[in-house]
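Structure at a glance
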Amino acid sequence: MSSLSRDEVAHVAMLARINLTDDELDTLAGQLDQIVGFVAAVGEIGVEDVPPMSHPLPLSNVTRPDVVRPSLDAAEALAGAPKAQAQRFAVPRILDEE
Amino acid sequence: MTTTTDAVVGYDDAIARFDPVMGLEVHVELNTATKMFCGCATVFGAEPNTHVCPVCLGLPGALPVVNRTAVESAIRIGLALNCSIADWCRFARKNYFYPDMPKNFQTSQYDEPIAFEGYLDVELDDGSTYRVDIERAHMEEDTGKSLHVGGATGRIQGAEYSLVDFNRAGIPLIEIVTKPLTGAGERAPEVARAYVSALRDLVKALGVSDVRMEQGSMRCDANVSLRAKAGDGGDQNAVPLGTRTETKNVNSLRSVERAIHYEICRHAAVLDSGASILQETRHWHEDTGATTSGRPKSDADDYRYFPEPDLVPVAPAAELVEQLRESLPEPPAKRRKRLQADWGYSDLEMRDVINAGAIDLIEQTVANGATAAGARKWWTGELARRANNEGKALEDFGVTTADIAALDGMVRDGRLNDSMARQVLDGVLAGEGRPTQVADARGLELVQDDGALEAAVDKVIAGNEAVADKVRAGKLNAAGALIGQVMKELKGQADAAKAREMILAKLT
């Protein structure tokens, strides 16, 4: 039976940029471990003959021709930006001072 | 940021004691009309954020759809690299956070690349061949472009904030990854340059990318590691690989060679000091010829790859793959050999032609009626010199292959000599018209009238009796001075060979 440790939950939270307090980590680690356990139950069913499914639709090769379609104009594109300058999205400093 | 100068050891010393191993990752931006997953145009240098839509901005609810032409281009690149083509593969999300990536993941391929297990035979300077094994070629999308504001350098270090343009976000990229390249020894940097050069030629011949490294449509990341030498009789391949560093975005062929050369010297110094190599990215600096530390390299797991739920699998039909295989052009290396034989160039001449990037131009010039020797002389001589002075590419030079064929023909027909032909070229480049028009307008034509030539020869001999006597006495080299005088007499518009003939006939 798989299990999810508190350290693993902390690591995944860090990767997803979610700040968790120690209390939250304790709670979530327990809950997530249970969820993984529920899902693992599927593994106990005999599914040897069932091919793995990656998509609910049995489709492949859904493509489009290489033809230009209208884009948004810059004002529309930037309409939802918290901050814009020089027709560009303004974002906070990328590298921390070291 | 701290600017430390890393210790390096001499290259020969490093190579004498260590075995370099390389891995090269090359990104090629496809020249499709639209992006990988949406219909936005892929124009270089457009106004910022004018070729963006909900899909490439990563807005909620937008659904990507795969560009069919991009898939076909990816397959053609794979086939040209002797790869197997997957009969079924998927896209995957590569999750990380960076402001130039609007979705917070890059749509890429992970464990199911469209092309895998190929090779490219690369010719080195001495004519020998090194086989570069290709691990995979996969489809993905480019990121946006950032402009860093504040701070002294305009670089990301020290910037107060950044401005992002997403026009480039979503442009189709093919990432081509080699297997570890071993056994190159001291020639490792040369092998890397030759590989990237051969790959550039190959992709260019396929017509699927502009492959202009200076514009970023082809970019190379170079992984380097050193391992101990196995010693006499030892099996070098049994020695485990050392820790690698990845030098990012090396943007010219020369930089590929220099960056790997530098990293070999730097790694050797670190290992000599008893320290170990930190697995990290490095930034190459063209001006100093050195790399500086980037960020620690994440393990693959940290990207939390998973199959992209918004896209269905790509399953190229065998018939399509065969059809694309049929459409492949003659491989560049084979074509070069054929053309060299057709044109009768020496190896050295052919190398000059390749280095000048003039193969296509010479082929067209010859097709327009020039001799192979004439076409080579123009493109690798006069035109390469002028293009180099002006920092332009030969093909952007404003002179057509038909013009050069016409010039070559006029010289061969005895209508122009070399210096007059160069004046005609000046006129063509100045927009005065095609070569015959320029020659007519400027009154450039060799004196065809033998009487006028003879009169000039007689006059020059009469006025230079001392020189003429030397020629009479058998010093044929002295005739050069007389020819010069004749040319002057006829304002440069004489056929020098004919003048020489006539002078020698009269004096010997």
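Worth saying up front: this structure is predicted, and the values here are computed from it rather than measured.

What to know about the pattern of salt bridges
Applying the stated criterion across every chain yields a total of 50 salt bridges over all chains. Across the pair aspartate 26 of chain A and arginine 6 of chain A runs a salt bridge whose closest N-O atoms are separated by 2.6 Å. Taken as a pair, aspartate 26 of chain A in helix 2 (residues 22–40) and arginine 6 of chain A in helix 1 (residues 6–15) lie far apart in primary sequence, 20 residues in all. Here glutamate 382 of chain B and arginine 385 of chain B are joined by a salt bridge, their closest N and O atoms 3.0 Å apart. Of the two residues, glutamate 382 of chain B and arginine 385 of chain B both sit in helix 9 (residues 372–390), 3 residues apart, roughly one turn of that helix. Taken together, the salt bridges that share partners define one network made up of Asp6, Glu263, Arg266, Glu280 and Arg282 of chain B.

As for the nonpolar core
Residue and element names in this part refer to chain B. Counting residues in hydrophobic clusters, the biggest one holds 90 residues, and the most contacted among them are Ile114, Ile176 and Tyr195. The element best represented in this core is helix 3 (residues 188–206), accounting for 11 residues. Filtering out sequence-adjacent residues up to four positions away, tyrosine 195 remains in contact with Leu24, Val26, Leu120, Val122, Val132, Ile134, Ile176 and Thr178. Ranked by size, the runner-up nonpolar core spans 33 residues in total, among them Met350, Ile362, Leu416 and Val438.

Here's the deal with the sheet that holds strand 3 (residues 88–92) of chain A
Read from one edge of the open sheet, 4 strands run 2(A)-3(A)-9(B)-8(B), paired in antiparallel fashion. The open sheet terminates on both sides in strands that have one partner only, identified here as strand 2 (84–85) of chain A together with strand 8 (145–149) of chain B. In this structure, strand 2 of chain A lies alongside strand 3 of chain A, joined through 2 bridges in antiparallel fashion. Bridging from a neighbouring strand, alanine 84 of chain A pairs with phenylalanine 89 of chain A of strand 3 of chain A.

Comments concerning the pairing of strand 11 (residues 218–228) of chain B
Where a strand is regular, its side chains alternate between the two sheet faces. Residues and elements named next belong to chain B. Counting buried residues in strand 11 gives 10 out of 11 residues, a clear majority hidden from the surface. Across 11 bridges, the pairing between strand 1 (residues 18–29) and strand 11 is antiparallel. The partner of methionine 22 across the bridge, within strand 11, is valine 224. As paired strands, strand 11 and strand 12 (residues 245–250) are joined by 4 bridges and run antiparallel to one another. Following the sheet pairing, valine 224 is matched in strand 12 by threonine 245.

A closer look at helix 1 of chain A
All names here are of chain A. Among the residues of helix 1, Val9, Ala13 and Leu15 are the ones counted as buried. Take helix 1 and look down its axis: the buried residues cluster within an arc of 160 degrees, on one side only. Of the surrounding secondary structure, the elements contacted by the buried residues of helix 1 are helix 2. Phi turns positive one or two residues past the end of helix 1, at arginine 17, with a value near 55 degrees.

With respect to the packing of helix 8 (residues 359–367) of chain B against helix 9 of chain B
To describe two helices that pack against each other, one gives the angle between their axes and the distance between the axes. All names here are of chain B. In contact at an axis separation of 9 Å, helix 8 and helix 9 are set at 135 degrees when each is read in the N-to-C sense. It follows that helix 8 is oblique to helix 9 by the angle criterion. Where helix 8 crosses over helix 9, the handedness of that crossing is right-handed. The residues of helix 9 that touch helix 8, namely those facing Leu361, Ile362, Thr365 and Val366, are Ala372, Ala375, Arg376 and Trp379. Here the residues of the contact of helix 8 with helix 9 are counted per class, giving 6 nonpolar, 1 polar and 1 charged.

Describing the sheet that holds strand 10 (residues 172–178) of chain B
All names here are of chain B. Across the sheet, which stays open at both edges, the 9 strands sit in the order 3-6-7-10-1-11-12-13-14 with mixed pairing between neighbours. Every other strand in the sheet has two partners, leaving strand 3 (84–85) and strand 14 (290–296) as the edge strands with one partner each. Sheet topology places strand 7 (residues 129–141) next to strand 10; 7 bridges connect them, and they run antiparallel. When the bridges of strand 10 are listed, arginine 136 appears paired with valine 177. The strands that helix 2 (residues 68–80) touches are strand 3, strand 6 (115–123), strand 7 and strand 10; relative to strand 10, the one it contacts most, it runs at about 20 degrees.

A word on the interface of chain A and chain B
Taken together, the 35 residues of chain A in the interface contact 51 residues of chain B. For the pair chain A and chain B, the two sides together bury roughly 3,700 Å², of which 57% comes from carbon and sulfur. Taken together, chain A and chain B are joined by 0 salt bridges. Between the two partners, chain A and chain B, sit 22 residue pairs in polar contact (both at pLDDT 80 or more). Elements supplying a minimum of two residues to the side of chain A that touches chain B: helix 1, strand 1 (63–64), helix 3 (74–78) and strand 3 of chain A. It is strand 3 of chain A that provides the largest number of residues to the side of chain A that touches chain B, a total of 5 residues. Of the residues that constitute the side of chain A that touches chain B, the class distribution is 18 nonpolar, 9 polar and 8 charged.

Here is what the cut-offs are and how they apply
Per chain, residue numbering runs from 1 following the sequence as it is written. Chain letters and ligand numbers both follow the written order, the letters beginning at A and the numbers at 1. Predicted model: local features are reported for residues with pLDDT of at least 70 only, side-chain atom pairs are reported and counted for 80 or more only, and whole-chain, interface and lining totals are derived from all residues. Note that the side-chain values use all heavy atoms of the structure and ignore hydrogens as well as water. When a carboxyl oxygen of Asp or Glu is within 4 Å of a side-chain nitrogen of Lys or Arg, the pair counts as a salt bridge. Numbered from the N terminus, helices here are DSSP runs of H or I no shorter than four residues, and strands are runs of E no shorter than two. What we call a nonpolar core is a set of buried Ala, Val, Leu, Ile, Met, Phe, Trp, Tyr and Cys residues that are connected through their side-chain atoms within 4.5 Å. Relative accessibility decides the category of a residue: with a 1.4 Å probe and only protein chains considered, values under 20% of the type maximum give buried, values over 50% give exposed, and everything between is partly exposed. It only takes one pair of heavy atoms within 4.5 Å for two residues to be counted as in contact. Strand pairing is defined by DSSP finding a minimum of two bridges between the two strands. Throughout, the arc means that of the directions going from the helix axis to the C-beta atoms. What counts as an axis is a line fitted to C-alpha atoms, over the stretch in contact for a helix, and the angles between N-to-C directions run from 0 to 180 degrees. For this classification, under 35 degrees means roughly parallel, over 145 means roughly antiparallel, 65 to 115 means roughly perpendicular, and everything else is oblique. Take the far helix as your reference; a near helix turned counterclockwise from it by less than a right angle gives a left-handed crossing, and one turned clockwise gives a right-handed crossing. Each residue gets one label: Ala, Val, Leu, Ile, Met, Phe, Trp, Tyr, Cys and Pro are nonpolar, Asp, Glu, Lys and Arg are charged, and the others, such as Gly, are polar. For any pair of parts, buried area is found by adding up, for both, the accessible area (1.4 Å probe) each one loses once the two are put together. Pairing of N or O atoms within 3.5 Å defines a polar contact, subject to two protein rules: one partner must be a possible hydrogen donor and the other a possible acceptor, and residues neighboring in sequence count only if both atoms are side-chain atoms.

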